[in-house]
Amino acid sequence: MKYIILSYASQRDYDAMAGKASESLWKPADFAAMGEFMATFTAELEASGELVETRALDAPVHTRRIGGATGLVTDGPYAETQEVLAGYWIVECDSFDRATQIALRFRECPAPPEVAATAYADVRPIVEHAADAGF
C-alpha cells in the first residue's frame, strides 16, 4: 500500500530560509541541520525500498488558488492560512502503522524548540483505484 506523508511550514519559515526574515525562530545552523536530517531520512527510505517519491514545494508566495464556481484566481500567500504544505514523501510499505512509524521520525528533525513543539505531519493512504476509496 502507498501512503503520503505531508509536511508543513509557513511563509515566514520560507522567508527565513532565504535570509529575509528578521524575527525568525530559525537560525542558519538550524536550517543546515534540518537539511542534513532530511537528506539522511530520505536516503534511508530509499535504501529500505520504501521511498516512491519525495518533493519539496516552493514558497506559498508562489501559489495560486483557484476559487470555486467563479474560478477566481488569487496569488498567495493567504492571510487566513498560517501553515501550508511544504513537501511530501510517498512511501510504499506494509501497513498504515509502518507509514506512521516513518512519519514519527520527523520528531528527530532538528528545529528550534518553539517550532518543534507545534510541528506536525499528516499520513494518508493513497487511493489508487476508485473501488479502494471506501466512501
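Residues numbered from 1 in each chain as written. Predicted model: local features only at pLDDT ≥ 70, side-chain atom pairs only at ≥ 80, totals over all residues. Heavy atoms only, no water.

Engineer: Give a description of the pairing of strand β1 (residues 2-9) that names residues and reports values.
Structural biologist: Two elements, β1 and strand β5 (residues 84-92), share eight bridges in a ladder whose sense is antiparallel. For Lys2, the partnering residue across the bridge sits in β5 and is Glu92. The sheet contact formed by β1 and strand β6 (residues 121-125) spans five bridges and is antiparallel. Note that in β6 the partner of Ile5 across the bridge is Val123. (Pairing = 2+ DSSP bridges. Helix = DSSP H or I, 4+ residues; strand = E, 2+ residues; numbered from the N terminus.)

Engineer: Can you explain the sheet that holds β6? Please cite residues and give values.
Structural biologist: One key point about sheets: their strands pair by backbone hydrogen bonds, in either a parallel or an antiparallel sense. Taken in spatial order, the four strands line up as β2-β5-β1-β6 in an open sheet, and their pairing is antiparallel. Of all strands in the sheet, those bounded by a partner on one side alone are β2 (51-56) and β6. Taking each pair of neighbouring strands and ignoring which way they run, the sheet shows an average axis angle of 20 degrees. Contacting β2 and β5, helix α2 (residues 28-48) crosses the sheet at an angle of about 25 degrees to β5. (Axes fitted to C-alpha atoms, helices over the stretch in contact; angles between N-to-C directions. Contact = heavy atoms within 4.5 Å.)

Engineer: Describe the pattern of salt bridges, listing the residues and the values that go with them.
Structural biologist: Here the structure, examined in full by the defined rule, presents six salt bridges. Of the charged contacts, one joins Lys2 and Glu128 as a salt bridge, the two residues approaching to 3.8 Å between their closest N and O atoms. With a gap of 126 residues between them, Lys2 in strand β1 and Glu128 in the segment after β6 connect regions that are remote in the sequence. Its salt-bridge partner being Glu44, residue Arg105 comes within 2.7 Å of it at the nearest N-O pair. Placement of Arg105 in the loop between α3 (96-104) and α4 (113-116) and of Glu44 in helix α2 is noted, with a sequence separation of 61 residues between them. With a relative accessible area of 23%, Arg105 lands in the partly exposed category. (Salt bridge = Lys/Arg side-chain N within 4 Å of Asp/Glu carboxyl O. Buried < 20%, exposed > 50% of the residue type's maximum accessible area, 1.4 Å probe, protein only.)

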